[in-house]
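Read off the chains here:
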Amino acid sequence: MKLKTPVMMKALGLTLHMALFLYLCAPAVGGVLSKALLPAILLLGGAVVLSFATRFNHDLRRIKGFLLDRLSGAGVLAALLLLYIFWDFCNLSYSPIKAQTLSGVQTVLYALVLWAGILLYAVNLERLDNLLMNITLCGLFLAGCALSGVALPDYKVAYQVIVAGFATGSFFFLSAQYNNLFKGTVLTGLCALTAPALYQTLERQLPSALVFGVLGEQRQGLISGAAGQLRQFAPAEMLLGRGSGYDITLSHSAGVCNFLLADLLNGGVVRFALALAVWLCVGYCALMLLTFQRTLPLLYLVVLGMVLIDALFFSKTGFLYNPLFLLFCALIITEHTLIKKGQLRFQAQF
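Residues numbered from 1 in each chain as written. Predicted model: local features only at pLDDT ≥ 70, side-chain atom pairs only at ≥ 80, totals over all residues. Heavy atoms only, no water.

Visitor: Now, about the side chain of Q160: what can you tell me, with residues and values included?
Guide: Note that Q160 resides in helix α8 (residues 155-175). Overall, Q160 belongs to the buried group, its relative accessible area being 5%. For Q160, the side chain forms a polar contact with the side chain of N322, separated by 2.9 Å. Non-local contacts of Q160, meaning those with residues more than four positions away in its chain, are made with M306, D310, N322 and L324. (Helix = DSSP H or I, 4+ residues; strand = E, 2+ residues; numbered from the N terminus. Buried < 20%, exposed > 50% of the residue type's maximum accessible area, 1.4 Å probe, protein only. Polar contact = N/O pair within 3.5 Å; in protein donor to acceptor, adjacent residues only side chain to side chain. Contact = heavy atoms within 4.5 Å.)

Visitor: Can you explain a nonpolar patch on the surface? Please cite residues and give values.
Guide: A contiguous nonpolar surface patch, about 310 Å² in accessible area, is contributed by Y94, L239, L240 and V269. Here Y94 lies in the loop between α4 (75-92) and α5 (98-102). (Patch = residues over 30% accessible without salt bridge, like charges linked within 9 Å, V, L, I, M, F, W, Y side chains within 5 Å. Areas by Shrake-Rupley, 256 points an atom, 1.4 Å probe, with all protein chains shown as cover. Salt bridge = Lys/Arg side-chain N within 4 Å of Asp/Glu carboxyl O.)

Visitor: Any details on the nonpolar core? Residues and values, ideally.
Guide: Counting residues in hydrophobic clusters, the biggest one holds 103 residues, and the most contacted among them are F319, F325, F328 and L331. Residue contacts for F328: discarding those within four places in its chain leaves I135, A164, T168, L299, Y300, V303 and L304. (Core = buried A, V, L, I, M, F, W, Y, C linked by side-chain atoms within 4.5 Å.)

Visitor: Before we move on, can you summarise the confidence of the model for the chain with the specific residues and values?
Guide: In this model, the chain carries a mean pLDDT of 84, and residues with pLDDT of at least 70 account for 85%. Segment residues 210-215: pLDDT under 50, and 19 contacts once partners within four positions in sequence are set aside and those in other chains are kept. (pLDDT = per-residue confidence, 0-100.)

Visitor: Any chance you could break down the side chain of S244 for me, citing the residues and the numbers?
Guide: Tracing the chain through its elements places S244 in the loop between α11 (235-240) and α12 (246-249). Residue class for S244 comes out buried when judged on its relative accessible area of 5%. Polar side-chain contacts of S244 include one of 3.4 Å to the side chain of R271. Setting aside chain neighbours within four positions, we find S244 in contact with D88, N91, L92, S95, P96, I97, T101, N266 and R271.

Visitor: I'd like a description of helix α15 (residues 323-340), backed by residues and values.
Guide: If you check α15, its first and last C-alpha atoms are 27 Å apart, about what 18 residues at 1.5 Å a residue would give, namely 26 Å. A large share of α15 lies buried, amounting to 17 of its 18 residues. Of the residues that open α15, the one with a side-chain oxygen 2.9 Å from the backbone nitrogen of L324 is N322. Looking one or two residues beyond α15, the residue adopting positive phi is G342, at roughly 90°. (Expected span 1.5 Å × (residues − 1).)

Visitor: Talk me through the pattern of salt bridges; I want residue IDs and the actual numbers.
Guide: Taken as a whole, this structure holds five salt bridges when the rule is applied. In this structure, D69 and K341 form a salt bridge, with 2.9 Å as the shortest nitrogen-oxygen distance. Here the residue D69 occupies a position in helix α3 (residues 60-70), and K341 occupies one in the segment after α15, the gap between them amounting to 272 residues. Overall, K341 belongs to the partly exposed group, its relative accessible area being 43%. The salt bridge partner of R242 is E237, with a shortest N-O separation of 3.1 Å. Taking relative accessible area as the criterion, R242 reaches 23% and is therefore assigned partly exposed. Its relative accessible area of 27% is what places E237 among the partly exposed residues. Linked through salt bridges whose partners overlap, the residues forming this network are D88, D263 and R271.

In structure tokens form, the structure reads like this:
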């Protein structure tokens with residue numbers, strides 16, 4: 001199925017690329033980019049609604065069929081993600097710190113709008129590759145900001161986006177049908193720019209990582225205290241949790257820095273089980289891509305593996321609120337859907 005006018009598809013693509021760039025760069029850079037993010041997301045949302053209305057003429061059955069078709073490559077992963085998001089929003093309704101937890105919901109909402117745009121736009125490998133190269137440009141942009149001495153309000157986000165940009169650019173060019181000299185030149189350039197930028201951003205994070213991360217004694221004390229709280233839960237609380245952000249109230253805003261324990265505290269066994277199912281499915285989908293293409297799928301393992309490690313040992317907000325998580329899940333679902341439709345990438349030979 002195609003949009004009725006090429007102009008609308010171009011407009012959708014333009015707004016999607018603009019929103020994607022701001023979505024990844026604005027949290028790290030702040031300033032003007034942060035102010036431009038919400039208008040860009042609203043513009044993309046309007047383009048998505050207009051595209052659906054024009055393409056399907058308000059026919060809900062056709063819209064449902066289109067969505068099921070576009071998610072069919074990894075439908076189980078899509079369903080688990082939506083269930084986890086739904087349960088997370090349910091936990092917000094009885095959160096002990098609603099105002100604080102609601103402030104992070106916008107990241108998820110922005111990611112869902114981007115996902116809707118990806119469903120409509122990335123109907124072939126060329127468009128999917130354009131989105132991957134956009135991520136590479138985001139990483140290079142933030143690397144340039146770090147090397148130029150720009151003060152970044154969130155060095156952790158900057159570090160992760162630079163890693164994602166480097167991984168995407170590297171594996172994309174290794175997978176592409178280019179000669180080895182060109183590949184070597186591109187990869188050398190990526191390394192020359194991103195390596196010092198990664199060192200700088202990582203150096204800024206190191207003190208807090210040692211305090212609250214896997215080696216921090218304070219973190220071990222927080223985990224022990226949180227585990228003790230679990231033993232005091234009533235059966236209903238063990239099943240449903242005590243609401244989003246409850247783990248933060250136990251630790252004076254530090255969190256327990258482990259999404260499994262935080263999910264048990266905040267959303268109970270239901271959320272814990274959903275989180276495990278999501279990550280098992282993510283890992284399965286990423287590994288299955290290796291049976292079709294040997295190089296490019298590694299970028300999903302690198303980026304999503306980085307998100308998983310951060311959520312297990314460092315992040316106080318969990319994986320859902322990491323801007324890379326839902327984005328790369330949407331991309332991996334799109335990869336599987338295109339494979340199911342017979343669109344396979346060139347198999348690079350080395």
